[in-house]
Amino acid sequence: MTMIDRLAGAPRIGLGLAAVGRPGYINLGRAHDLPGARTVDAMRARVGELLDAAHAAGVRYFDVARSYGRAEEFLAGWLATHPVGRDVVVGSKWGYTYVGDWRLDAPVHEVKDHSLATFERQIGETRALLGDRLDIYHIHSLTPESPALTDAALHHRLAGLAAEGVAVGFSTSGPAQAAVIRAALKIAVDGMPLFRSVQATWNVLEPSAGPALSEAHDAGCLVIVKEAMANGRLAATGGPLAAIAAELGSTPDAVALAAVLRQPWARIVLSGAATTGQLSANLAAESLSASLDERVSATAEKPEVYWRTRSGLRWQ
């Protein structure tokens, strides 16, 4: 079954494990969402609960990364014990290394390196865990200064991975997302576009990448949206979407996700749920998008302001 076949008819909501593959992350509200003792076993159990609930609800895209602590390991374990999981699409990312040592107070949690050497190391690590279950491999957080935009040797190696049947993609972060997306879409190896998947931040606070993501969609790329709830800022009961959610009899998180689902270029919108209750609320967005009005777009910030605020969120 091809990746497209597995996604056909499934909800457009996917499940990302950034918030539950490691004890610390920048999402707001984690003290209330996660087990009191964030041991490896406790977090593994929480990931299993989320994957069970997501699959039962029809979710078919699961997203991990080398830097998400043990997220690849947790997902691999679930896949190995759940034969029904053959119908899911798995995406991972390389380019950041987790160095937090499973500590909340680690001075540094992850280190970025987009070199060919890091790719070779991390594709080996990912393959050791996920084997042939890896469907998409993204460069993690491309920015204008990343050498991955110009490294021809890396491009040829990525094209080799694509020839093995793994879709090659990239994710973006920062106020220059649109420029990076357009630059990456121009990269070709032997006359063929290199990237077939794009994962970017788009939400009602930071919609600046929208036109470039539309271009990526038109070019045939799978477009995956991350941080639809702005790391929890849009899910707050007193946040900018609270009044609209109350009018619709819904929740701010569902409204935030529904705003993304309204975009015709967005094929997958990631839920970063840390509890099954949050996942259930997020999935309600599928039936809500048609009810939204233009007020949701009035909350947008300047990209520089949005990303400066995000960089100030502390790991917790």
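Structure shown above.
Procedures and definitions
- Residues numbered from 1 in each chain as written.
- Predicted model: local features only at pLDDT ≥ 70, side-chain atom pairs only at ≥ 80, totals over all residues.
- Heavy atoms only, no water.
- Patch = residues over 30% accessible without salt bridge, like charges linked within 9 Å, V, L, I, M, F, W, Y side chains within 5 Å.
- Areas by Shrake-Rupley, 256 points an atom, 1.4 Å probe, with all protein chains shown as cover.
- Salt bridge = Lys/Arg side-chain N within 4 Å of Asp/Glu carboxyl O.
- Helix = DSSP H or I, 4+ residues; strand = E, 2+ residues; numbered from the N terminus.
- Buried < 20%, exposed > 50% of the residue type's maximum accessible area, 1.4 Å probe, protein only.
- Pairing = 2+ DSSP bridges.
- Axes fitted to C-alpha atoms, helices over the stretch in contact; angles between N-to-C directions.
- Right-handed = clockwise from strand over helix to strand, strands pointing away.

Draft legend 1. Main features of a nonpolar patch on the surface. On the surface, a nonpolar cluster with roughly 210 Å² of combined accessible area is contributed by Val99, Val108 and Val111. The topology assignment puts Val108 in the loop between strand E4 (96-98) and strand E5 (110-112). Val108 sits in the partly exposed class, given a relative accessible area of 41%.

Draft legend 2. Layout of the sheet that holds strand E3 (residues 89-94). On the basis of which strands lie adjacent, the closed barrel formed by eight strands has the order E1-E2-E3-E6-E7-E10-E11-E12 and parallel pairing. When the angles between neighbouring strand axes are averaged without regard to direction, this sheet yields 25°. By the bridge criterion, three bridges tie strand E7 (residues 167-172) to strand E10 (residues 197-201) in an arrangement that is parallel. In the strand pairing of E10, Ser171 is matched with Gln199.

Draft legend 3. Spotlight on the pairing of E3. Among the six residues in E3, six count as buried, and that is most of the element. Burial along E3 is two-sided: the face carrying Val89, Gly91 and Lys93 and the face carrying Val90, Ser92 and Trp94 are both buried. With three bridges joining them, strand E2 (residues 61-63) and E3 adopt parallel strand pairing. Within E3, the position partnered with Phe62 by the bridge is Val90. Following the chain from E2 across helix H4 (residues 71-81) to the adjacent parallel E3, one finds a crossover that is right-handed. Where E3 lies against strand E6 (residues 136-142), four bridges are found, and the strand directions are parallel. Pairing of Lys93 across the sheet is with His138, part of E6.

Draft legend 4. Local environment of the pattern of salt bridges. Under the defined criterion, the tally for this structure stands at 16 salt bridges. Here Arg66 and Glu125 are joined by a salt bridge, their closest N and O atoms 3.1 Å apart. Linking Arg66 in the loop between E2 and H4 with Glu125 in helix H5 (residues 116-130), this pair joins segments that are 59 residues apart in sequence. Residues Glu125 and Arg121 are paired through a salt bridge, measuring 3.4 Å at the closest nitrogen-oxygen approach. Taken together, the residues span about one helical turn, with Glu125 and Arg121 both in helix H5 at a distance of four residues. For Glu125, a relative accessible area of 26% gives the class partly exposed.

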